[in-house]
Amino acid sequence: MPHPAAVPHDPDPTFGELIAARPHLSMHAMDGLLMEGVPLNAVADEVGTPAWVISAGSIRGRLRALQAALDEAALPARVHYAVKANDHLAVLRLMALGGAGADVVSGGELRRAMLGGIDAGHIVFSGVGKAEWELRLALEAGVGQVNVESAEELAMLSGIAHAMGRMARVALRINPDVDAGTHAKITTGRADNKFGIAYGSAASLYAHAAGLPGIEPVGLALHIGSQILSMAPYRAAYARTADLVRDLRASGQSVRMVDCGGGLGIGYRGEPVASPAAFAGAIRATLGSMELELAVEPGRWLVGSAGLLLASSVLVKSTGDRRFVVLDAAMNDLLRPAMYDAWHGIVPVSAVDAARPVAPCDIVGPVCESGDTFARGRALPPLARNARLAILDAGAYGSVMSSTYNARPLAAEVLVDGDRWSVIRARQPLESLWAGETVPGWFE
Ligand SMILES: *Cc1c(COP(=O)(O)O)cnc(C)c1O
């Protein structure tokens, strides 16, 4: 009996199809799976598994493609990389070198983005609950813009900025009340989500902001969700935003900019995805002729497909008629399948394995949770112990969401760039798991 989740709407893509759709990956008869010019077996031999591996070439290429699509649509738009998708300093450095700014959602991300070389003036501070110390840090650093999500936050920011003798450039994040048609845990633009300012109260709050000390309202921001595959929700949300800009201007307010958010999806399972050109087209059709400075804030689209999680099989076991491949990677490393029911392509690293006949199996981690399952009923060849697998499209919301649950150290991270590769984060030593802990002295 197949598990319900294993009943495919369309057949799963084959290993060959998964690799062909990712230009930075290729299968070599002798060396096995390559990322750019680097055999993943060489990486695993040296750093072990589980290990995150990310392609610098892919990230550079995606950033350039997005910028080119915006340029071709003649949109004066900056790309602000959403740091939360992957906040590694090397990734941030690639973004800085490629001319991107950043969208950050915490004081820690702000410090990271600046350490990565992104100019504070090109950093936007977003988030539904910025603490006082974070707002102070942002103003001290001179961030380009704070996206304010509530009247309460606006009052708080005004007080802090005024006391510091600073002006905060503010965009109001509106909730356009559109359904992005994505997973419930990553939709953010519906009226019943916690995000943003209700559409109906945005105009009065904007006027109020203009009169507050320390606050300069410069525009509007929105972000309707993540892994969005169709343009319809974007168009609807941007059209509502354009209406609001017109209303605000008609009432005498100055609106210089709109921050169009992120959320552009990627093709985890070969599903049809929206192109950056279509995204730029949706912005152009709705906001393009309004004399606005624009910004986009993609995270996943820039880095998601660039990364993978390299894992080895610990053992293969059969229970009844189900075959389980137990990996050395787990939900504490890559949480997306457990958290979002996410589908990730899983490909053998060995060309010999990849060419053998396949049969359905469940691919799981060793953590003591049934949710620690990467895939159900997935077609895989018979695998020996220590056979290596690559879990694809793990570059976004991968390592950043890792935990040390079950006292499992954070996996190593590796960056590939052409024929070169480098460990960009060492595997966490076991001892560091408890290094900050103390047992109260009076226990003795
Ligand atoms: C998460 C987030 C993004 C990026 O979302 P992606 O789906 O990774 O593109 C952009 N803007 C804001 C405000 C966010 O919270």
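Residues numbered from 1 in each chain as written. Predicted model: local features only at pLDDT ≥ 70, side-chain atom pairs only at ≥ 80, totals over all residues. Heavy atoms only, no water.

**A word on the pattern of salt bridges**
Put simply, the rule is: Salt bridges are counted wherever a side-chain nitrogen of Lys or Arg sits within 4 Å of a carboxyl oxygen of Asp or Glu. A run of H or I in DSSP counts as a helix once it spans at least four residues, and a run of E counts as a strand once it spans at least two, with each numbered from the N terminus. Classification of residues uses two cut-offs on accessible area relative to the type maximum, computed with a 1.4 Å probe and protein chains only: under 20% is buried, over 50% is exposed, and between them is partly exposed.
Scanning the entire structure with this criterion turns up 16 salt bridges. The salt bridge partner of R173 is E149, with a shortest N-O separation of 2.8 Å. Of the two residues, R173 is situated in strand β9 (residues 168–175) and E149 in the loop between β8 (145–148) and α7 (151–164); the sequence distance between them amounts to 24 residues. Side by side, R173 and E149 carry an identical accessibility label, which is buried. If you follow the salt bridges from partner to partner, you end up with D12, R269 and R378 in one network.

**Side note on the side chain of T286**
For clarity, the cut-off: Two N or O atoms form a polar contact when they lie within 3.5 Å of each other; inside protein one atom must be a possible hydrogen donor and the other a possible acceptor, and for residues adjacent in sequence the pair counts only when both atoms belong to side chains. Two residues qualify as a contact provided that any one of their heavy atoms is within 4.5 Å of a heavy atom in the partner residue.
Among the secondary structure elements, T286 is positioned in helix α10 (residues 276–287). Given the relative accessible area of 16%, T286 is considered buried. Among the polar contacts listed, one links the side chain of T286 to the backbone oxygen of A282, at a separation of 2.7 Å. Beyond its immediate chain neighbours, meaning those up to four positions away, T286 contacts R235, Y238, A239 and A242.

**A closer look at the domain arrangement of the protein chain**
Note the threshold: Residue ranges for the domains trace back to a domain assignment, done automatically or taken from a database. When two components associate, each loses some accessible surface as probed by a 1.4 Å sphere; the sum of these losses over both components is called the buried area.
Domain boundaries assigned for the protein chain yield domain 1 (4–56 + 304–427) and domain 2 (57–301). Computed over C-alpha atoms, the centres of domain 1 and domain 2 are 32 Å apart. Contacts between the two partners involve 36 residues from domain 1, matched on the other side by 22 residues from domain 2. Across the domain 1 to domain 2 interface the summed buried area is about 2200 Å²; carbon plus sulfur atoms make up 51%. The largest share of the area that domain 1 buries against domain 2 comes from A56, Y340 and Y397, three residues that together contribute 25% of it. The interface formed by domain 1 and domain 2 includes two salt bridges. Between R269 and D12 there is a salt bridge; the shortest N-O distance is 3.1 Å. Linking domain 1 with domain 2 are 16 residue pairs in polar contact (both at pLDDT 80 or more), by the criterion used here.

**Observations regarding the nonpolar core**
Note the threshold: Note on terminology: a nonpolar core comprises buried Ala, Val, Leu, Ile, Met, Phe, Trp, Tyr and Cys residues joined through side-chain atoms within 4.5 Å.
Among the nonpolar cores identified, the biggest contains 84 residues, and Y81, M95, L157, L287, L302 and V303 are the most heavily contacted of them. No other element matches the seven residues that helix α9 (residues 232–250) contributes to this core. Other than its neighbours up to four places away in sequence, M95 contacts I59, L63, Y81, A100, I118, L302 and V303. In terms of nonpolar packing, the next biggest core, distinct from the first, is built from 41 residues, V53, L309, I346 and V349 among them.

**Thoughts on unusual backbone geometry**
Peptide bonds are trans in most cases, and residues, glycine excluded, mostly fall at negative phi. Between T49 and P50 the backbone carries a cis peptide bond, its omega angle lying at -5°. Counting through the fold element by element, P50 comes out in the loop between α2 (40–47) and β4 (51–55). Non-glycine residue D177 carries a positive phi angle of around 55°. In this fold, D177 is placed in the loop between β9 and β10 (197–198). Given the relative accessible area of 43%, D177 is considered partly exposed.

**Points about the environment of E134**
With respect to the element layout, E134 can be found in helix α6 (residues 132–141). For E134, a relative accessible area of 9% translates into the label buried. Non-local contacts of E134, meaning those with residues more than four positions away in its chain, are made with S106, G107, F125 and G129. Within the structure, E134 has its side chain in polar contact with the backbone nitrogen of G107 (distance 2.9 Å).

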